[in-house]
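Fold and contact review
Here is what each chain is made of, one letter per residue.
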Amino acid sequence: MADVPALRLPRSVLAALWLPRVRDLGSVTRASAAITGDDEPHVAVLGRTQLNLAGLFATVSPPTVVGAALPAPGSLGGAPGAVAAEALAAGECLVVAARQTAWVAVPEVRRFGSHLEAGARVSWSVTEAPGAERGLLASLGSLSDARAGLVRALHQATDLLTQLDIGRRGPEAELVEQLHLPLGWPLPPDLEPDRLDMLGRAARLLAVVELARRAKSAAVSARQEDRRSAALREVESAARLAMSAATAYVHIAPDG
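About the criteria used
What you see as residue numbers is a count from 1 along each chain, following the sequence as written. Reporting in this predicted model follows two pLDDT cut-offs: at least 70 for local features of residues, and 80 or more for side-chain atom pairs to be given and counted; totals over whole chains, interfaces and linings ignore these cut-offs and use all residues. Only hydrogens and water are set aside when side-chain values are computed; all heavy atoms of the structure are taken into account. Each helix corresponds to a stretch of at least 4 residues labelled H or I by DSSP, and each strand to a stretch of at least 2 residues labelled E; elements are numbered beginning at the N terminus. Residue exposure (1.4 Å probe, protein chains only): buried if accessible area is under 20% of the type maximum, exposed if over 50%, otherwise partly exposed. Contacts: residue pairs with any heavy atoms within 4.5 Å of one another. Between the first and last residue of a helix there are one fewer steps than residues, each counted as 1.5 Å, and that sum is the expected span. Fitted lines through C-alpha atoms serve as axes, helices being fitted only where they are in contact, and the angles separating the N-to-C directions of these axes extend from 0 to 180 degrees. Angle categories are assigned with fixed cut-offs, so that under 35 degrees is roughly parallel, over 145 is roughly antiparallel, 65 to 115 is roughly perpendicular, and the rest are oblique. Crossing handedness: left-handed means the near helix sits turned counterclockwise from the far one by under a right angle, and right-handed means the same turn made clockwise. A pair of aromatic rings is counted whenever rings of Phe, Tyr or Trp (Trp by its six-membered ring) have centres within 6.5 Å, and the orientation is called stacked for planes under 30 degrees apart, edge-to-face for over 60 and tilted otherwise. Only lysine NZ and arginine CZ atoms are considered, and such an atom sits over a ring when it is within 6 Å of the ring centre and within 35 degrees of the ring normal. Along the chain, pLDDT gives the predictor's confidence residue by residue, from 0 to 100. In protein, a polar contact means a hydrogen-donor-capable atom and an acceptor-capable atom, both N or O and within 3.5 Å, with residues adjacent in sequence counting only if both atoms are side-chain atoms; elsewhere, any N or O pair within 3.5 Å suffices.

Quick look at the environment of R111
The residue R111 is located in strand β5 (residues 101-113) in this model. Taking the relative accessible area as the measure of exposure, R111 reaches 64% and is therefore exposed. Separated by 11 residues in sequence, R111 and V122 have C-alpha atoms that sit 8.6 Å apart. Sequence-distant contacts of R111, that is, excluding residues within four places in its chain, are made with R11, G119 and A120.

Description of helix α2 (residues 25-36)
For α2, spanning 12 residues, the distance from its first C-alpha to its last is 16 Å, which sits close to the expected 16 Å at 1.5 Å a residue. All of the buried residues along α2 are S27, V28, A31, S32, A34, I35 and T36. Turning to α2, the residues buried within the fold contact α1 (11-18), α3 (53-59) and β6 (118-128). Following α2 by one or two positions, G37 adopts a phi angle in the positive range, close to 55°.

Some thoughts on the packing of α1 against α2
Angle between the axes and distance between the axes: these two values describe a pair of packed helices. At a closest axis distance of 9 Å, the pairing of α1 and α2 adopts a crossing angle of 165°. When the axis of α1 is compared with that of α2, the two are roughly antiparallel. Between α1 and α2 lies a crossing of right-handed hand. In this structure, α1 uses R11, L14, A15 and W18 to contact α2, whose residues at the interface are R30, A31, A34 and I35.

Some details on the packing of aromatic side chains
As enumerated under the stated definition, the model contains zero aromatic pairs in all. Taking the ring centre of F112 as reference, the NZ or CZ of R121 above it sits at 4.2 Å.

Thoughts on the confidence of the model for the protein chain
Confidence in the prediction of the protein chain, expressed as mean pLDDT, is 84, and 84% of residues score 70 or more. The element-level mean pLDDT for the protein chain is lowest in helix α7 (residues 171-178), coming to 52, with α1 highest at 97. Scored below 50 in pLDDT, residues 167-172 shows seven contacts in the model against residues more than four places distant or in partner chains.

As for the side chain of R11
With respect to the secondary-structure elements, R11 resides in helix α1. With a relative accessible area of 15%, R11 lands in the buried category. One polar contact links R11 to D39, side chain to side chain, over a distance of 2.8 Å. What R11 contacts, discounting residues up to four positions off in sequence, is I35, D39, H42, E92, V109, R111, A120, V122 and W124.

Dropping the structure here:
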(Lines give C-alpha, C1' and ligand atoms only; values in the text may rest on other atoms or scores of the structure.)
Protein backbone atom coordinates (compact mmCIF):
# COMPACT_ATOMS: atom_id res chain seq x y z
CA MET A 1 0.00 0.00 0.00
CA ALA A 2 1.21 3.50 -0.73
CA ASP A 3 2.74 5.44 2.15
CA VAL A 4 0.01 7.11 4.16
CA PRO A 5 0.39 10.90 4.05
CA ALA A 6 1.04 12.62 7.36
CA LEU A 7 -1.97 14.37 8.84
CA ARG A 8 -1.00 17.96 9.50
CA LEU A 9 -3.03 21.05 10.19
CA PRO A 10 -2.19 24.20 8.22
CA ARG A 11 -0.59 26.92 10.31
CA SER A 12 -3.53 29.24 9.59
CA VAL A 13 -5.92 26.65 11.05
CA LEU A 14 -3.89 26.45 14.26
CA ALA A 15 -3.70 30.25 14.43
CA ALA A 16 -7.46 30.60 13.94
CA LEU A 17 -8.19 28.06 16.68
CA TRP A 18 -5.83 29.63 19.20
CA LEU A 19 -6.28 33.35 18.58
CA PRO A 20 -9.70 33.73 20.27
CA ARG A 21 -8.19 32.14 23.39
CA VAL A 22 -5.27 34.56 23.70
CA ARG A 23 -5.85 36.66 26.82
CA ASP A 24 -2.67 36.83 28.90
CA LEU A 25 1.03 36.01 28.83
CA GLY A 26 0.45 32.33 29.53
CA SER A 27 -2.05 31.92 26.69
CA VAL A 28 0.20 33.91 24.34
CA THR A 29 3.05 31.52 25.12
CA ARG A 30 0.89 28.42 24.59
CA ALA A 31 -0.59 29.75 21.34
CA SER A 32 2.80 30.76 19.95
CA ALA A 33 4.28 27.35 20.74
CA ALA A 34 1.32 25.53 19.16
CA ILE A 35 1.43 27.54 15.93
CA THR A 36 5.22 27.51 15.61
CA GLY A 37 5.72 23.81 16.31
CA ASP A 38 9.13 22.76 14.98
CA ASP A 39 9.53 25.90 12.86
CA GLU A 40 11.97 28.68 13.52
CA PRO A 41 10.25 31.53 15.43
CA HIS A 42 7.62 33.06 13.17
CA VAL A 43 7.65 36.70 12.13
CA ALA A 44 4.76 38.83 10.89
CA VAL A 45 5.20 41.76 8.54
CA LEU A 46 2.57 44.52 8.70
CA GLY A 47 3.51 47.41 6.44
CA ARG A 48 7.01 48.40 7.50
CA THR A 49 6.67 46.79 10.90
CA GLN A 50 8.03 43.36 11.73
CA LEU A 51 6.45 41.58 14.68
CA ASN A 52 6.79 38.29 16.48
CA LEU A 53 3.63 36.23 17.06
CA ALA A 54 3.01 37.90 20.42
CA GLY A 55 3.09 41.28 18.70
CA LEU A 56 0.70 40.06 16.01
CA PHE A 57 -1.70 38.75 18.66
CA ALA A 58 -1.63 42.13 20.40
CA THR A 59 -2.42 43.91 17.11
CA VAL A 60 -5.47 41.82 16.25
CA SER A 61 -6.88 41.17 19.73
CA PRO A 62 -9.52 40.90 20.96
CA PRO A 63 -10.95 39.51 17.72
CA THR A 64 -14.62 39.67 16.76
CA VAL A 65 -14.28 37.19 13.87
CA VAL A 66 -11.51 34.67 13.16
CA GLY A 67 -11.21 31.95 10.56
CA ALA A 68 -8.80 30.18 8.25
CA ALA A 69 -9.43 30.25 4.50
CA LEU A 70 -7.97 27.29 2.59
CA PRO A 71 -8.11 28.11 -1.13
CA ALA A 72 -7.36 25.65 -3.89
CA PRO A 73 -7.42 25.97 -7.69
CA GLY A 74 -11.01 26.68 -8.70
CA SER A 75 -12.13 27.77 -5.23
CA LEU A 76 -10.90 30.74 -3.20
CA GLY A 77 -12.58 29.33 -0.10
CA GLY A 78 -13.21 32.77 1.38
CA ALA A 79 -9.76 34.21 0.74
CA PRO A 80 -10.12 37.94 -0.07
CA GLY A 81 -9.50 38.93 -3.66
CA ALA A 82 -6.80 41.42 -2.66
CA VAL A 83 -4.50 38.59 -1.56
CA ALA A 84 -6.05 35.77 -3.59
CA ALA A 85 -2.89 34.97 -5.55
CA GLU A 86 -0.72 34.84 -2.44
CA ALA A 87 -3.26 32.81 -0.46
CA LEU A 88 -3.72 30.38 -3.33
CA ALA A 89 0.04 29.89 -3.61
CA ALA A 90 0.23 29.23 0.14
CA GLY A 91 -2.96 27.15 0.19
CA GLU A 92 -4.10 29.03 3.29
CA CYS A 93 -4.56 32.35 5.03
CA LEU A 94 -5.83 33.69 8.33
CA VAL A 95 -8.69 36.20 8.42
CA VAL A 96 -9.17 38.30 11.56
CA ALA A 97 -11.60 41.12 12.30
CA ALA A 98 -11.00 43.42 15.27
CA ARG A 99 -11.18 47.10 16.14
CA GLN A 100 -13.55 48.05 13.30
CA THR A 101 -11.32 46.59 10.59
CA ALA A 102 -9.98 43.26 9.36
CA TRP A 103 -6.65 41.76 8.42
CA VAL A 104 -5.54 38.86 6.28
CA ALA A 105 -2.30 37.06 7.16
CA VAL A 106 -0.70 34.77 4.58
CA PRO A 107 2.19 32.54 5.70
CA GLU A 108 5.21 32.21 3.45
CA VAL A 109 7.18 29.07 4.31
CA ARG A 110 10.84 28.71 3.42
CA ARG A 111 12.15 25.22 4.08
CA PHE A 112 15.79 24.35 4.75
CA GLY A 113 17.89 21.38 5.74
CA SER A 114 17.55 17.74 4.67
CA HIS A 115 14.67 15.30 5.03
CA LEU A 116 16.44 14.03 8.15
CA GLU A 117 16.79 17.46 9.74
CA ALA A 118 14.26 19.65 8.00
CA GLY A 119 13.36 23.12 9.20
CA ALA A 120 11.13 25.98 8.16
CA ARG A 121 11.19 29.75 8.43
CA VAL A 122 7.72 31.28 8.34
CA SER A 123 6.90 34.89 7.59
CA TRP A 124 3.28 36.07 7.79
CA SER A 125 2.42 38.86 5.37
CA VAL A 126 -0.36 40.86 7.07
CA THR A 127 -2.63 43.08 4.97
CA GLU A 128 -5.49 45.24 6.17
CA ALA A 129 -8.63 44.12 4.35
CA PRO A 130 -11.85 45.72 5.67
CA GLY A 131 -14.83 43.42 5.16
CA ALA A 132 -12.73 40.30 4.62
CA GLU A 133 -14.48 38.55 7.49
CA ARG A 134 -17.88 38.93 5.81
CA GLY A 135 -16.63 37.26 2.65
CA LEU A 136 -15.11 34.41 4.67
CA LEU A 137 -18.26 33.73 6.69
CA ALA A 138 -20.45 33.92 3.57
CA SER A 139 -18.30 31.31 1.83
CA LEU A 140 -18.29 28.91 4.79
CA GLY A 141 -21.97 28.63 5.61
CA SER A 142 -22.87 26.67 8.75
CA LEU A 143 -21.04 23.82 10.44
CA SER A 144 -23.94 21.52 9.60
CA ASP A 145 -23.68 22.45 5.91
CA ALA A 146 -19.95 21.75 5.92
CA ARG A 147 -20.50 18.45 7.76
CA ALA A 148 -23.08 17.34 5.18
CA GLY A 149 -20.65 18.21 2.37
CA LEU A 150 -17.97 16.21 4.14
CA VAL A 151 -20.20 13.13 4.30
CA ARG A 152 -20.94 13.38 0.58
CA ALA A 153 -17.23 13.81 -0.15
CA LEU A 154 -16.38 10.72 1.92
CA HIS A 155 -18.74 8.59 -0.18
CA GLN A 156 -17.21 10.06 -3.32
CA ALA A 157 -13.70 9.35 -2.06
CA THR A 158 -14.66 5.78 -1.20
CA ASP A 159 -15.84 5.22 -4.77
CA LEU A 160 -12.62 6.68 -6.14
CA LEU A 161 -10.43 4.49 -3.93
CA THR A 162 -12.35 1.41 -5.00
CA GLN A 163 -11.89 2.32 -8.66
CA LEU A 164 -8.17 2.90 -8.10
CA ASP A 165 -7.86 -0.35 -6.13
CA ILE A 166 -5.71 1.21 -3.40
CA GLY A 167 -5.22 -1.77 -1.05
CA ARG A 168 -6.65 -5.24 -1.57
CA ARG A 169 -8.84 -5.74 1.49
CA GLY A 170 -11.51 -3.09 1.83
CA PRO A 171 -9.25 -0.32 0.51
CA GLU A 172 -11.19 2.65 1.79
CA ALA A 173 -11.73 1.10 5.26
CA GLU A 174 -8.08 0.07 5.53
CA LEU A 175 -6.95 3.55 4.55
CA VAL A 176 -9.21 5.39 6.96
CA GLU A 177 -8.14 3.07 9.79
CA GLN A 178 -4.54 4.14 9.25
CA LEU A 179 -5.35 7.84 9.22
CA HIS A 180 -5.78 8.27 12.95
CA LEU A 181 -6.15 11.70 14.50
CA PRO A 182 -2.61 12.40 15.74
CA LEU A 183 -2.28 12.75 19.48
CA GLY A 184 0.37 15.36 18.84
CA TRP A 185 -1.93 17.93 17.26
CA PRO A 186 -1.38 21.07 19.38
CA LEU A 187 -5.03 22.05 19.73
CA PRO A 188 -6.65 24.17 22.44
CA PRO A 189 -7.74 21.86 25.26
CA ASP A 190 -11.26 23.33 25.34
CA LEU A 191 -11.92 22.83 21.62
CA GLU A 192 -15.50 21.66 21.07
CA PRO A 193 -15.85 17.95 20.14
CA ASP A 194 -17.77 18.67 16.92
CA ARG A 195 -15.01 20.95 15.67
CA LEU A 196 -12.38 18.37 16.60
CA ASP A 197 -14.32 15.72 14.71
CA MET A 198 -14.60 17.98 11.64
CA LEU A 199 -10.87 18.66 11.65
CA GLY A 200 -10.06 14.95 11.86
CA ARG A 201 -12.46 13.95 9.11
CA ALA A 202 -11.31 16.75 6.82
CA ALA A 203 -7.63 15.89 7.36
CA ARG A 204 -8.35 12.26 6.50
CA LEU A 205 -10.11 13.22 3.29
CA LEU A 206 -7.26 15.50 2.23
CA ALA A 207 -4.89 12.57 2.78
CA VAL A 208 -7.20 10.37 0.70
CA VAL A 209 -7.03 12.92 -2.12
CA GLU A 210 -3.24 12.97 -1.92
CA LEU A 211 -3.06 9.16 -2.03
CA ALA A 212 -5.47 8.98 -4.96
CA ARG A 213 -3.42 11.49 -6.91
CA ARG A 214 -0.27 9.47 -6.30
CA ALA A 215 -1.89 6.24 -7.44
CA LYS A 216 -1.82 5.05 -11.00
CA SER A 217 -5.11 5.92 -12.62
CA ALA A 218 -7.44 3.07 -13.54
CA ALA A 219 -9.07 5.25 -16.19
CA VAL A 220 -8.90 3.89 -19.72
CA SER A 221 -9.81 7.07 -21.54
CA ALA A 222 -9.09 10.78 -21.33
CA ARG A 223 -12.74 11.38 -20.48
CA GLN A 224 -12.61 9.01 -17.52
CA GLU A 225 -9.39 10.60 -16.32
CA ASP A 226 -10.99 14.05 -16.52
CA ARG A 227 -13.98 12.83 -14.51
CA ARG A 228 -11.68 11.34 -11.87
CA SER A 229 -9.68 14.56 -11.61
CA ALA A 230 -12.85 16.61 -11.30
CA ALA A 231 -14.15 14.29 -8.56
CA LEU A 232 -10.88 14.63 -6.64
CA ARG A 233 -11.12 18.41 -6.84
CA GLU A 234 -14.66 18.26 -5.45
CA VAL A 235 -13.56 16.04 -2.57
CA GLU A 236 -10.63 18.31 -1.80
CA SER A 237 -12.82 21.41 -1.92
CA ALA A 238 -15.35 19.89 0.50
CA ALA A 239 -12.59 18.83 2.90
CA ARG A 240 -10.94 22.24 2.82
CA LEU A 241 -14.26 23.98 3.35
CA ALA A 242 -15.08 21.73 6.32
CA MET A 243 -11.68 22.29 7.90
CA SER A 244 -12.07 26.03 7.42
CA ALA A 245 -15.59 25.98 8.87
CA ALA A 246 -14.26 24.19 11.96
CA THR A 247 -12.05 27.22 12.68
CA ALA A 248 -14.72 29.92 12.37
CA TYR A 249 -15.17 32.06 15.49
CA VAL A 250 -17.65 34.91 15.89
CA HIS A 251 -17.78 36.91 19.12
CA ILE A 252 -21.32 37.59 20.24
CA ALA A 253 -21.46 40.62 22.51
CA PRO A 254 -23.62 40.22 25.62
CA ASP A 255 -26.94 42.09 25.66
CA GLY A 256 -26.94 45.47 27.32
